[in-house]
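Commentary on secondary and tertiary structure
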Amino acid sequence: MIYKGIFLAFVIIQNIYLLITQPDKYKLWISVFNISVGTLMTIIAVFYYFDAYKPKIGPVGNGPDPDLISTNFLGMIVTGGCFIIIGLIGVHIKRKLKHKK
């Protein structure tokens, strides 16, 4: 789990760095990809949250862990939101550069 978080943080930081330093090399499909990944992560987070609290059959001690569920849910929502915001900023910058030329 920690490796996925490190990888996603690296991708977010790389996107922000590329968007700030070289906006003319930032492609529009990267922005669309970021928006779609962010939306998908947010939808998956909601499904994960509802699935985690769905009643299951099993021993009494194997109930859901609310701390783990809320941590994973909030982490996925924040990461998805970051991807959506980066994608929207990228689209805005590309439109601004297009109209400037």
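Here the structure is shown first, and the text comes after it.
Right, let's walk through the structure included here.

The rules behind each value
Residue positions are counted from 1 within each chain, in the order its sequence is given. Per-residue local features of the predicted model are confined to residues with pLDDT of at least 70, and side-chain atom pairs are confined, for both listing and counting, to 80 or more; whole-chain, interface and lining totals are unaffected and use all residues. For side-chain calculations, the full set of non-hydrogen atoms in the structure is used, while hydrogens and water are omitted. Where helices and strands are cited, they refer to DSSP runs of H or I of at least four residues and of E of at least two residues respectively, numbered from the N terminus. Radius of gyration: C-alpha atoms only; globule rule: 2.2 Å multiplied by the number of residues to the exponent 0.38. When accessible area is computed with a 1.4 Å probe and restricted to protein chains, residues below 20% of their type maximum are described as buried, those above 50% as exposed, and intermediate ones as partly exposed. For this analysis, residues touch if any pair of their heavy atoms sits within 4.5 Å. Accessibility throughout is a Shrake-Rupley quantity obtained with a 1.4 Å probe, and a residue counts as covered only by protein chains that appear here. For patch detection, residues must exceed 30% relative accessible area and be free of salt bridges, and they are connected within 9 Å for like charges or within 5 Å for nonpolar side chains (Val, Leu, Ile, Met, Phe, Trp, Tyr). Think of a salt bridge as a Lys or Arg side-chain nitrogen and an Asp or Glu carboxyl oxygen that are within 4 Å of each other.

1. Remarks on the overall build of the protein chain
Across its full length, the protein chain holds three helices and zero strands. At 18 Å, the protein chain has a C-alpha radius of gyration far larger than the 13 Å of a compact globule built from 101 residues. C-alpha atoms of the protein chain, sized along the principal axes, occupy 65 × 20 × 15 Å. A total of 101 residues make up the protein chain; the buried ones form 21% of that total. Pairs at least 24 apart in sequence give 81% of the contacts found in the protein chain among residues at least 6 apart. As presented, the protein chain carries roughly 7800 Å² of accessible surface, and 73% of it is formed by carbon and sulfur atoms.

2. Comments concerning a nonpolar patch on the surface
Together, Val46, Tyr49, Phe50 and Tyr53 give the surface a local cluster of nonpolar side chains, amounting to about 390 Å² of exposed area. Structurally, Phe50 can be placed in helix H2 (residues 28-52).

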